[in-house]
Amino acid sequence: MTDLDALLEKAVADREAPFLVAMAGNSDGMTWSGAAGQRAPGADATTDTVFRIFSMTKAIGSTAAMILIDRGKLSMDTEVEAVLPDFSKIQVLEGIEGGKPILRAPRTKATVRRLATHTSGFVYEFWNSMIPSYMEIAGHPTIISGLNASLHYPLAFDPGERWDYGIGIDWLGKVVEAVDGRSIDRFCHDEIFGPLAMPDTGFEVTASMKDRLASVRARGEDGSFVDFELSPPANPEFYGMGHALYSTAPDYMRFLRMFLNRGELDGQRILSEGALDHMLANQIGDLRVGLMKTVAPPVTADTEFFPGREKTHSFGFMRMEEDVPGMRRAGSQSWAGVLNSHFWFDPKTDVAGLIMTQMLPFADPAFIRLYERFEAGVYDNAA
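Nothing here was measured: the structure is a model prediction, and the numbers come from that model.

Student: Pulling in residues and values, what's your account of the overall build of the chain?
Tutor: When you go through the chain residue by residue, the secondary structure sums to 11 helices and 17 strands. Here the C-alpha atoms of the chain give a radius of gyration of 20 Å, agreeing with the 21 Å that 2.2 N^0.38 yields for 383 residues. Projected onto its principal axes, the C-alpha coordinates of the chain cover approximately 55 × 50 × 45 Å. Across the 383 residues that make up the chain, the buried fraction comes to 57%. With the model as given, the accessible surface of the chain reaches about 14,500 Å², and the carbon-plus-sulfur share is 49%. Here the chain holds 36 positive side-chain charges and 52 negative ones, and the gap between their average locations is 2 Å.

Now the structure itself:
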C-alpha cells in the first residue's frame, strides 16, 4: 500500500510544490484526503483550503451547457452565431505582416460542440506566438481581465480543423446565459453548486472563504518559490467559464462523484444517464489532443499529459482512449487549472482524484512527476 500522506510531505520538502491538498474518492464517497505545507505564510494547508481553480472551471461550464442540451433547449450542433450574433464578427488570423494582422472570414462555423471541445479555433496567448503579437498590436485585453471586449480573440484556425486550447468555454457560458435567461453565476449556483452541496464554490471570495484562500507562488530560476499575484478579477464585466471559479477539493470531489454516479449525487440528478454518456463520449472524432508548446515559459511549460497515448476530448474533459498501466483506464476524463490544480475520474474503475496547489508554471515537470506518483498511489490503495 502507498502512503499518500508521506508522498505529499516529501513532495513539499523536495520543493515539488509549495503546498499540497489531495483527495481520492469513488461513487460512494471520499476514500482518502491529505494536505502538506503552508497554503499561506503562517497558515498550514488544510483539506478545506480555497483555490483559484482557473481552467477546472471549464468542466462546470460544459456541464451547464449539457444541462440545457439534456432539456432540449440547445444542441451540440447549434451554431454559435445563431445564439450570439456578435460572434459572426470573429475572424481567422492568418499572420502578421508589416505590423498589421492579416484576417479573413472563417471557412467553417463554430458550434456549441466546437466551443466545448477546443476545436473552435481559439488558442490562448500562452501557446500560439501569433496571438500575443495580435493582442499587442490591437491592444486586445487578455480573457483573464473579465472585460467583454476580451472575448473577441481572433481564431488561429478554421473551426473543426484541429484541437488546440483556448477561450471557447468562455463563449459557451455566454451561450448558456442567452438560451436560459439567467446569468451564468446564478445558473451554476441554481443548477450545479446548490444541488450538489458545494458551499465553497463560487465566482467571488466570500467572507467564509477569505481566511482559507491560498497564496500563489512561482518557481524561481533557482527552484525556490516566490510570491506571485494572479487571481480572476472581482466583479468583472462577465464571469468567464474558462477560468473564473474558486473552489475546494471536497467541493470539486462532489462534482466529480456526480459523474461516477451516472449524473446524480445524493438523490440530486444533474444530468440524465443518456446525457451523461453523450457528454463523456469522444466528441472530436479522428482529431487528437496533443502537445501544447509554450510561448510563455514563466506561465506554462510545454504541456502534454501521457505523451504518446491516444487522447481525445469529450464535451467536458480530455478523454483517454487507452489504458495507462497501473493508473487510469480508457474512458477516463481529466483536466486542470493553470496554477497546477489537477483532477481525473475513471468510470471503469470507479476512482476519482485531485491534487492541487497554487503555483506557476503550469505543468511544471517536477509537479507532473509528482502527479503521476500520486495517481499510481491512489490506484495502488484502491486495489
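Student: A description of the side chain of Thr312 should follow, citing residues and the corresponding values.
Tutor: Tracing the backbone shows Thr312 in strand E12 (residues 311-313). A distance of 2.6 Å separates the side chain of Thr312 from the side chain of Glu321, its partner in a polar contact. With near-sequence residues (within four places) excluded, Thr312 lies in contact with Asn282, Ile284, Gly285, Leu287, Arg288, Val289, Phe317, Met318, Arg319 and Glu321.

Student: Residues and numbers for the environment of Glu372, please.
Tutor: Secondary-structure assignment places Glu372 in helix H11 (residues 365-382). By relative accessible area, which is 37% here, Glu372 ends up partly exposed. Counting along the chain gives 45 residues from Glu372 to Met327, while the straight-line C-alpha distance between them is 8.5 Å.

Student: Give a description of the pairing of strand E5 (residues 92-97) that names residues and reports values.
Tutor: Within a regular strand, side chains alternate between the sheet's two faces. Of the strand pairs in this sheet, E5 and strand E6 (residues 100-104) are connected by 5 bridges, and their pairing is antiparallel. Within E6, the residue paired with Ile96 across the bridge is Pro101. Here E5 folds back onto E6 in antiparallel fashion, the turn holding 2 residues, of which Gly98 has a positive phi close to 60°.

Student: With reference to specific residues and values, describe unusual backbone geometry.
Tutor: In the segment running from Leu360 into Pro361, the intervening peptide bond is cis, with an omega of 0°. One non-glycine residue, Asp266, lies in the positive phi region at around 50°. With respect to the element layout, Asp266 can be found in the loop between strand E10 (264-265) and strand E11 (268-269). Judged by its relative accessible area of 57%, Asp266 is exposed. Of note in this structure, Asp350 is not a glycine but carries a positive phi near 55°. As for its placement among the helices and strands, Asp350 is situated in the loop between strand E15 (341-346) and strand E16 (351-356). A residue is classified by how much of its surface remains accessible, and Asp350, at 25% relative accessible area, is partly exposed.

Student: Talk me through the sheet that holds strand E2 (residues 29-40); I want residue IDs and the actual numbers.
Tutor: Spatial strand order, E3-E2-E1-E16-E15-E14-E13-E12: 8 strands in an open sheet with antiparallel pairing. The sheet is open, and its two borders are formed by strand E3 (43-44) and E12, each paired with just one other strand. Across 2 bridges, strand E13 (residues 318-320) lies against strand E14 (residues 333-337) in antiparallel orientation. Each residue of the ladder has a partner; that of Arg319, found in E14, is Gln333. Contacts between helix H9 (residues 249-260) and the sheet are confined to strand E1 (19-26), E2, E15 and E16, with E16 contributing the most and set at about 155° to the helix. Taken strand by strand, H11 contacts E1, E2, E15 and E16, and its axis lies near 35° from that of E15.

Reading the values: the criteria
Residues numbered from 1 in each chain as written. Predicted model: local features only at pLDDT ≥ 70, side-chain atom pairs only at ≥ 80, totals over all residues. Heavy atoms only, no water. Helix = DSSP H or I, 4+ residues; strand = E, 2+ residues; numbered from the N terminus. Rg over C-alpha atoms; globule rule 2.2 N^0.38 Å. Buried < 20%, exposed > 50% of the residue type's maximum accessible area, 1.4 Å probe, protein only. Areas by Shrake-Rupley, 256 points an atom, 1.4 Å probe, with all protein chains shown as cover. Lys, Arg positive; Asp, Glu negative; His and termini not counted. Charge placed at Lys NZ, Arg CZ, Asp CG, Glu CD. Polar contact = N/O pair within 3.5 Å; in protein donor to acceptor, adjacent residues only side chain to side chain. Contact = heavy atoms within 4.5 Å. Pairing = 2+ DSSP bridges. Axes fitted to C-alpha atoms, helices over the stretch in contact; angles between N-to-C directions.

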